[in-house]
Amino acid sequence: MNFGPFFFAAPLALAALAALPILFLILRATPPAPRREFFPPLRLLLGLRTEEESRKRAPLWLVLLRALAAALMIIGFARPSLAPREVAGAASGPLLLVIDDGWTAAPGWAQARAAAEDILAESERSKEQVFVLTTAPARTPREAGEALNGADARGMVSRLEPRPWRPDRADALKRLPQKPERFSRIVWISDGIEDPGARDFAAALQRRGPVTARIPPRLPRAVFSAAATAEGVEAEIRRTPGGLGQGAIAAETLEGRSLGAGEFRFNPGADSVIARVTLPPEIAARAARVRIVGETSAGATRLLSAGSGRPLVGIVAPSSEPQPLLSDPFYIERAISPFAAVRRGEIRPLVDAGMQAIVLPDTSRLAPPERNALDEWIKKGGLLVRFAGPRMANAVDDLTPVKLRPGSRALGGAMGWEKPQGIAPFTTESPFSGLTPPADVTVSRQVLADPSAEREGRIWARLADGAPIVTAAARDKGLVVLFHISAGPAWSDLPLSGLYVDMLRRTLQFAGRAQGAISDQPSSGPWLPARLMDGYGALAPPGSDAKSVPADIFPDAKAGPDTPPGFYERPGSPGSTIDAASVKDTFAALTLPNGITRMQLDGESNRFLSGWFLGLASLLIALDLILALALAGRLPRLPTRAQATYGAVLLALVLLGAPQPAYAQAGAAEYETRLAYIRTGDGSRDRITAQGLEGLSQILRERTSVEPGPVVGVDPARDDLSPYPILYWAAPDSPARVSDAALANLDRYMRLGGLIFLDTRDSGRTVSPGQGPAARLLAGLDTPPLEQISNDHVLTKTFYLLKNGFAGRSAATRIWGETAASAAARDGVASLMIGDGDWASTWSQDFEEPSFDGPASQYEMAMRFGVNLVMMALTGNYKADQVHVPALLERLGRSGARP
């Protein structure tokens, strides 16, 4: 039921207003409690009856106050709300809801979805049929002619996310429902951007019913071109007329690490500007994307062909390593990643993926299937780069350019006569010609080539004493190159020098030649997606349904369902990209024909008023209680002089006790460790989270040397987050993107070394951290690449040894953490972790509102996980640094001691 703009969801509750006159009489007939006084001489008068003098009626003003409180409570229980004009005045009949869900809507997607849900909430109350039409193409578009009720339509809209390509209104016109022939109203939640089919689409909507277009208050901007230059990176930024006139761009690596930023400003009346980021050439060459700071959309992110001339290189490495910073693949990847597209994996998957070059660190004899597959791949034109080490020295195979002598040669040391050798100058026949070996680069151990077999291969580099250090030999169309030292610094100083990078760069120049090591002709074949972009501009590995793009259509491909924007690669060719914003696209504000009502997207929405009415009624009831006590004489009497002071103190307490936003004060947390959580606005969820962290704090005090102070809730948009080592973020029931101020503060917090632990609370329903609640909450945040952590992660051993997962509200949980390569800049310490175990609900079971009823063993394991999580946030990865453990155990064993 509605009265003008006011809507009542439970109008039958208003019938209680008819009882107010009866309530008035009852309240008026109830006298206040009599006052009793005892005086000893009156005992002589017992038995005498006197007429009592007391009020038989409450004061009229007190009765009116109570009646007003009752009326406010009745109205609050009727669930009033202030409804939008177009909904409140809508006639009954089918509703058509049109939503532009391309990347142009991504910056205002939270407001667009909120507006759609408000409209559908009103449709649900009026029980009208709803038809939903999205304008961005899809590989399998949803049938728009299906009639939905308001609840089903709200569920569908809540799952919508912007697509990484532009809307196509001409295609949407073909999918416009033909039945019913006319709608009672049509609401078009638009992105505000023109396209070739917009006018015909708007005209068709007008013929089917009255149209209201909801336009976002701020139209998007986009990066239409970008390139690396000798001075850095420059990009062309476009805006719609009247859009924001200034901003900044950031140049980033493929992993999202910022290389630099630069500001831009549009001239008056101009719709495009050239923005520049000044960088040294060697740094600019690493730039893989340019984005507008604070603009979360696929169009605001431009991918650079950072793979121009970059070979596709596979590094043979296990999926997880106990010491990633000390491993040989780590040094190889850091050396070649600036000029090569790198992938890790096993031999057979890398061969099947069409790698142009494969780097094989120290290994013993290969299994026959892997060895045969690798040999066939080399003969077809592949480049194999091998490194020596202890395993190769103990088990030499024949997949080398020259025959090797068993064992290794040690140079220097306490028991050796020879000193470590430097690298001799490169000859003119060597691919390394022109490079100068540094004098301080020496080799302390190597595998030796058999002197009789040196003529079988080609020697690219030698030590100062003439021993080969790099050899190569052709195998049919392919090439095998062997570095006679380890890929890490165990055998030489070379991996710690710039010469190492230059030597690998020149070695990999032999990759990517389809006709063999001496051919310059690129290969052909379809383009394979390497990383694809979502509507918010975030990159992620392609899904299982991603398709290759034929080579003949790739040069002119525009972003769409079959050609999503992202990085693409193919063997024998430099990497290339498909971008969301095409230079051929128009980028002008939407023009609407006469007769269409134009409204702001966030101009009006449902405002629920129940809380206000019930809150005001509660205040009046509290005031009535104080007044009743005063009239009954139950309040303490004070001297006359103190009455004014008492009143002032009481007023101050009331004002201080009024509900106000409580923001965390960093000053109180500067001198003690405190666990903090991000307030979501959901009172029940925040209360459970606070109770859970209090329970975890108590366990930390009892079992560890950590003595955390009181738990604090923080507002990431306003509070200083730096005092807190960890931020626990429990996803609310309806997650939404946080504000730009909060995103900037959280990004700064992660860069300073803080750890954000995001709990999606969905117990395995999220397939990856790039989907579900985490994707909505983190949209726009500079998130690092994530991987699912395994049982050898440092989190499993910071305090307790956790061998059977990370129990939470459910026993089967999953946690994703920042990859080791991404966290290398912080000594391997992760800045972001995402889990789905609803741990706060488990930790809070000892408090007033227990929410976990599982077995005690599961509760204990959840507590142990919480202790490990806090310890990791406080101590970093020191437990992962166990390089000396084998030597210590060996020494303890020789001395007869027990570890």
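Residue numbering note: each chain is counted from 1, following its sequence as written. In view of the model being predicted, local features appear only for residues whose pLDDT reaches at least 70, and side-chain atom pairs are presented and counted only at 80 or more, with totals across whole chains, interfaces and linings using the full set of residues. The side-chain values count all of the structure's non-hydrogen atoms but skip hydrogen atoms and water molecules.

Side note on the confidence of the model for the protein chain
Here's step 1: Each residue gets a pLDDT score, which is the predictor's confidence in that residue and runs from 0 to 100. Chain-level pLDDT for the protein chain is 79 on average; 77% of the residues reach the 70-or-more range.
Here's step 2: Helix and strand assignments follow DSSP, with helices taken as H or I runs no shorter than four residues and strands as E runs no shorter than two, numbered in order from the N terminus. Averaged pLDDT values over the elements of the protein chain bottom out at 42 in helix α16 (residues 666–669) and peak at 94 in strand β18 (residues 383–387).
Here's step 3: Between residues 658–669, whose pLDDT stays under 50, and residues either more than four places distant or in other chains, the model counts 19 contacts.
Here's step 4: Contact between two residues is taken to exist if any of their heavy atoms lie within 4.5 Å; hydrogens are not considered. Across residues 895–899, confidence stays below pLDDT 50; counting only partners more than four residues off in sequence or on other chains, it has three contacts.

Brief notes about the packing of aromatic side chains
Here's step 1: Note on aromatic contacts: the rings of Phe and Tyr and the six-membered ring of Trp form a pair at centre separations within 6.5 Å, being stacked when their planes are under 30 degrees apart, edge-to-face when over 60 apart, and tilted otherwise. According to the stated counting rule, one finds 20 aromatic pairs in the structure shown.
Here's step 2: Between F224 and F587, the aromatic rings sit 5.4 Å apart at their centres with planes inclined by 70°, giving edge-to-face as the arrangement. Residue F224 is located in strand β8 (residues 221–229), and its partner F587 is located in the loop between β29 (573–578) and β30 (597–600); the two are separated by 363 residues in the primary sequence. There is no split in this pair, since F224 and F587 are both buried.
Here's step 3: Here the aromatic cluster, defined as three or more aromatic residues joined through ring pairs, consists of Y728, F757, F806, W839, W843 and F865. Buried, partly exposed and exposed residues are distinguished by accessible area as a fraction of the type maximum, computed with a 1.4 Å probe on protein chains only: under 20%, between the cut-offs, and over 50%, respectively.

Some thoughts on the pattern of salt bridges
Any two side chains of opposite charge can pair, so long as their charged atoms come close to each other.
Here's step 1: Whenever a carboxyl oxygen of Asp or Glu lies within 4 Å of a side-chain nitrogen of Lys or Arg, that contact is scored as a salt bridge. This model, assessed by the stated rule, comprises 31 salt bridges.
Here's step 2: Between D101 and R163 there is a salt bridge; the shortest N-O distance is 3.6 Å. Taken together, the positions of D101 in the loop between β4 (95–99) and α4 (109–126) and R163 in the loop between α5 (150–158) and α6 (169–174) put the pair 62 residues apart, joining distant regions of the chain.
Here's step 3: On the basis of relative accessibility, which here comes to 1%, the residue D101 falls in the buried class.
Here's step 4: Note on R163: relative accessible area 28%, which makes it partly exposed.
Here's step 5: Across the salt bridge formed by R185 and E128, the nearest N and O atoms sit 2.4 Å from each other. Highlighted residues: R185 in strand β6 (residues 185–189) and E128 in the loop between α4 and β5 (130–134), separated in sequence by 57 residues. Each member of the pair, R185 together with E128, is buried.
Here's step 6: Salt bridges here are not isolated pairs; linked through shared partners, they connect R371, D375, K379, D398 and R475.

Looking at the side chain of R685
Here's step 1: Examined against the element boundaries, R685 turns out to sit in helix α17 (residues 683–703).
Here's step 2: The exposure class assigned to R685 is buried, which follows from its relative accessible area of 11%.
Here's step 3: Whenever two N or O atoms come within 3.5 Å, that pair is a polar contact, provided that in protein one can donate a hydrogen and the other can accept it, and provided that, for residues adjacent in sequence, both atoms are side-chain atoms. One polar contact links R685 to S841, side chain to side chain, over a distance of 3.3 Å.
Here's step 4: Apart from residues no more than four positions distant in its own chain, R685 is found in contact with T680, A730, R761, D838 and S841.

Some remarks on the sheet that holds β5
Backbone-to-backbone hydrogen bonds join strands into a sheet, with any given pair of strands oriented parallel or antiparallel.
Here's step 1: The pairing criterion for strands is at least two bridges between them, as found by DSSP. Taken in spatial order, the five strands of this open sheet run β5-β4-β6-β7-β30, and their pairing is parallel. Since the sheet does not close on itself, it has two edges, and those belong to β5 and β30, each with one partner. Across the sheet, the mean angle from the axis of one strand to that of its neighbour is 20°, orientation sign disregarded.
Here's step 2: In the sheet, β4 pairs with β5 via five bridges, with the strands oriented parallel. Opposite L96, over in β5, you have F131 as the bridge partner.
Here's step 3: With axes taken as lines fitted to C-alpha atoms, and helix axes fitted only over the stretch in contact, angles between N-to-C directions fall between 0 and 180 degrees. With respect to the sheet, α5 is in contact with β4 and β5, its orientation differing from that of β5 by roughly 20°.
Here's step 4: Helix-sheet contacts for helix α7 (residues 198–208) involve β4, β5, β6 and β7 (211–215), and the interaxial angle to β6 is about 155°.

A word on the sheet that holds strand β34 (residues 726–730)
Here's step 1: The seven strands are arranged β33-β32-β34-β35-β38-β37-β36 in an open sheet whose pairing can be described as mixed. Only two strands of the sheet have a single partner each, and these edge strands are β33 (712–714) and β36 (786–788). Within the sheet, the average angular offset between the axes of one strand and its neighbour, ignoring direction, is 25°.
Here's step 2: Where β36 and strand β37 (residues 815–818) come together, three bridges link them in antiparallel fashion. If you follow Q788 over to β37, its bridge partner there is W816.
Here's step 3: Against the sheet, α17 contacts β32 (676–678) and β34, and its axis sits at roughly 160° relative to β32.

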